[in-house]
Amino acid sequence: MIQRTENRSSRRSRKMIRQAFEALLKEKGFQKITVTDLAARADLNRSTFYAHYPDIYGIVDEMQEEIIQRNMELFQQIRFRNILKDPKPYLHCIAATMEQNLELMQRLGLTENIHRKSEKLQEMMEYDIMHNSDIPETVRQSALFGIRVHFFLGGIINAYQRWAEGKLDCTLDQVSSQIGDMIRQTATGFLETDWMQNI
């Protein structure tokens, strides 16, 4: 019973700290938030804060890991079957996760960390295409095909990353639409008969 009360109290304190952090984040830059600010906004003392987080960066790390975990869970629900024939579901998923997390990453001043997230996403997509897609197994087992997949997905992820960094003057929908068109146009190249015979 005591342990349950402590857990409930701990969860409540952590929630209050997170809410205070997110509220302060909207009011001023991340670099200007102090533990004193957070404790005052959450109506907790500093020792309670330090009982849950080592410092402000501890909250940021936790939030980033939660974002990554949510993205992974979302993509695990989508199998990359028929990706070359109908890329829309996968591109929609990438765009949705980008939109959901971009503002928070920008507020935290951590847009460069999009690259770290992108690498994890690309690795997961590559694995799924190489092991679970409807592309013939004889093609998927080829090292040469692995090179093509890595190159192809790297370009897709890079386009979204550059948009997130503000380096592409277009909407996210336009990025997805252009990538979708290119995937459909190059799909036959991935499964080209002559190429398959020479792997």
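Predicted model only: the values in this text are computed from it and were never measured.

Rules used throughout
Numbering of residues begins from 1 in every chain and follows the order in which that chain's sequence is written. Selection of residues for local features in this predicted model requires a pLDDT of at least 70, selection of side-chain atom pairs for listing and counting requires 80 or more, and totals for whole chains, interfaces and linings are taken over all residues. Side-chain metrics in this entry use all non-hydrogen atoms of the structure; hydrogen atoms and water are not considered. Note on conventions: DSSP H or I runs of at least 4 residues are helices, E runs of at least 2 residues are strands, and numbering of each starts at the N terminus. Any residue under 20% of the maximum accessible area for its type is buried, any over 50% is exposed, and the rest in between are partly exposed; the area is computed with a 1.4 Å probe on protein chains only. The contact criterion used is simple: two residues touch if any of their non-hydrogen atoms lie within 4.5 Å. Of all possible arcs, the one meant is that of the directions from the helix axis to the C-beta atoms. Note on terminology: a nonpolar core comprises buried Ala, Val, Leu, Ile, Met, Phe, Trp, Tyr and Cys residues joined through side-chain atoms within 4.5 Å. By the criterion applied in these results, polar contacts are pairs of N or O atoms within 3.5 Å in which, for protein atoms, one can donate a hydrogen and the other can accept it, and in which residues neighboring in sequence qualify only through two side-chain atoms. Given the number of residues in a helix, its expected span is that number minus one, multiplied by 1.5 Å. By convention in these notes, a salt bridge is any Lys or Arg side-chain nitrogen within 4 Å of a carboxyl oxygen on Asp or Glu.

### Some points on the overall build of the protein chain
- On a plain count of helices and strands, the protein chain comes out with ten helices and zero strands.
- Reading the helices (α) and strands (β) of the protein chain from amino to carboxyl end gives α-α-α-α-α-α-α-α-α-α.
- Within the protein chain, the proportion of its 199 residues that are buried is 43%.
- Expressed as a percentage of contacts within the protein chain between residues at least 6 apart in sequence, the contacts between residues at least 24 apart total 64%.

### Looking at helix α2 (residues 35-42)
- Buried residues of α2: V35, L38, A39 and A42, and no others. Viewed end-on, α2 has its buried residues packed into an arc of 95 degrees, placing them on one side of the element.
- Positive phi shows up at D43, right after α2, with a value of about 60 degrees.

### So, the nonpolar core
- Ranked by internal contacts, the top residues of the largest apolar core, which has 26 residues, are I94, F145, I156, Y160, W163 and I179.
- Listed by contribution, the elements that provide at least two residues to this core are α5 (88-107), α6 (114-132), α8 (143-164) and α9 (172-190).
- The element contributing the most residues to this core is α8, with ten residues.
- Core analysis: the next-biggest nonpolar cluster, separate from the first, contains 19 residues, Y53, I56, I59 and V60 among them.

### Section: unusual backbone geometry
- The backbone of D43 shows a phi angle near 60 degrees, a positive value even though the residue is not glycine.
- Counting through the fold element by element, D43 comes out in the loop between α2 and α3 (46-52).

### As for the environment of E126
- Along the polypeptide, E126 turns up in helix α6.
- On the basis of relative accessible area, E126 is assigned to the buried category, the value being 17%.
- Taking the C-alpha atoms as reference points, E126 and G154, 28 residues apart in sequence, are found 9.6 Å from one another.
- Not counting chain neighbours up to four residues away, the residues in contact with E126 comprise V149, H150 and L153.

### With respect to the side chain of T48
- Residue placement: T48 occurs in helix α3.
- Polar contacts involving the side chain of T48 include one to the side chain of N45, which spans 2.8 Å.
- Excluding residues that lie within four positions of it along the chain, T48 makes contacts with S13 and I17.

### With respect to α8
- Taking 1.5 Å as the rise per residue, α8 with 22 residues should run 32 Å; its terminal C-alpha atoms sit 31 Å apart, in good agreement.
- Among the residues making up α8, those that are buried are F145, V149, F152, L153, I156, I157, A159, Y160, Q161, W163 and A164.
- N-capping of α8 is provided by S142, with a side-chain oxygen placed 3.0 Å from the backbone N of L144.
- Positive phi shows up at G166, right after α8, with a value of about 80 degrees.

### Comments concerning the pattern of salt bridges
- Scanning all chains against the criterion turns up five salt bridges.
- Between E27 and R41 there is a salt bridge whose closest N-O contact spans 2.9 Å. Taken together, the residues E27 in helix α1 (residues 2-27) and R41 in helix α2 connect sequence positions 14 residues apart.
- The partly exposed category is assigned to R41, whose relative accessible area is 39%.
- Of the charged contacts in the structure, one is a salt bridge between D37 and K28, with a shortest N-O distance of 2.9 Å.
- A relative accessible area of 29% places K28 in the partly exposed class.
- What you see here is one network of salt bridges that share partners, running through R14, R18, E22 and E62.

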